[in-house]
Amino acid sequence: QQQVKQSPQSLIVQKGGISIINCAYENTAFDYFPWYQQFPGKGPALLIAIRPDVSEKKEGRFTISFNKSAKQFSLHIMDSQPGDSATYFCAASHTGNQFYFGTGTSLTVIP
Amino acid sequence: DTEVTQTPKHLVMGMTNKKSLKCEQHMGHRAMYWYKQKAKKPPELMFVYSYEKLSINESVPSRFSPECPNSSLLNLHLHALQPEDSALYLCASSQEFPVNTEAFFGQGTRLTVV
């Protein structure tokens, strides 16, 4: 059973455009929602994370939007750059348990 | 220092070999993890160590044997692996387990079983 559903599976965006990746969850006990960025042959690296007490968090060009009632959260990458081309995983966890990862989104930013 | 160091980066082993993967962190984290990742898939949790004790074993076959010699080191001993065990093996650490804070991942060991 997939605890965190992620879409789209792949995404192609023009340089300078906005990349949007969506995730949905069912377990209302989740209280920590990180996004990881992974380049080929490398380990995942934390990009940005949010807790359910806020609806939005911004760090540079990366923004998480969080909708607690809909049990959805999304990653927005503004002014997307070719260097952003990577696989992005959303995840969720709650105190007492492990991280549950989404299925991943392969982002390609075209110059 | 927010680094998790894994060695070796690449490993090719035969099905009758015994090898070990190593992981090290010096962030004072008390929880360490082994994940397995297949191409184009998310990481799958294998083992969790909390305060040097095994907390979670996700029904991993006994040909994978974890060891936590101290709070900074984590090993994964491999024996009699199958070709389908070829994958990227990731080590991670976090301040505590149960976890709801940042987990730091290493670069991984690319394992090929021939």
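You'll find the structure just up there.
Residues numbered from 1 in each chain as written. Chains lettered and ligands numbered in written order. Predicted model: local features only at pLDDT ≥ 70, side-chain atom pairs only at ≥ 80, totals over all residues. Heavy atoms only, no water.

It is worth spelling out unusual backbone geometry at this point. Most of the time, phi is negative for any residue but glycine, and the peptide bond is trans. Going from serine 7 of chain A to proline 8 of chain A, the amide bond is cis rather than trans, its omega being -5°. With an omega of -10°, the peptide bond running from threonine 7 of chain B to proline 8 of chain B counts as cis. If you trace the backbone, proline 8 of chain B turns up in the loop between β1 (4–7) and β2 (10–13). Phi at glutamate 52 of chain B is positive, roughly 65°, even though this residue is not glycine. You can see glutamate 52 of chain B is positioned in the loop between β5 (44–50) and β6 (53–57). By relative accessible area, glutamate 52 of chain B is classed as partly exposed at 33%. The backbone phi angle of serine 59 of chain B is positive, close to 55°, even though this residue is not glycine. The residue serine 59 of chain B is located in the loop between β6 and β7 (64–70) in this model. Look at serine 59 of chain B and you get exposed, because its relative accessible area is 72%. (Helix = DSSP H or I, 4+ residues; strand = E, 2+ residues; numbered from the N terminus. Buried < 20%, exposed > 50% of the residue type's maximum accessible area, 1.4 Å probe, protein only.)

All names here are of chain A. Relative to the elements of secondary structure, serine 10 occurs in strand β2 (residues 10–14). Sequence spacing of serine 10 and glycine 104 is 94 residues, and the spatial spacing of their C-alpha atoms is 8.3 Å. In contact with serine 10, other than residues within four places in its own chain, are Thr105 and Ser106. (Contact = heavy atoms within 4.5 Å.)

Moving on, we get to the sheet that holds strand β6 (residues 56–59) of chain A. Residues and elements named next belong to chain A. One open sheet accounts for 5 strands, arranged β1-β3-β8-β7-β6; its pairing is antiparallel. This sheet does not close on itself; its edge strands, each paired only once, are β1 (4–7) and β6. Pairs of neighbouring strands in the sheet enclose a mean axial angle of 15°, with direction left out of account. Here 6 bridges tie strand β3 (residues 19–25) to strand β8 (residues 72–77), and the two strands are oriented antiparallel to one another. Following the sheet pairing, isoleucine 21 is matched in β8 by leucine 75. (Pairing = 2+ DSSP bridges. Axes fitted to C-alpha atoms, helices over the stretch in contact; angles between N-to-C directions.)

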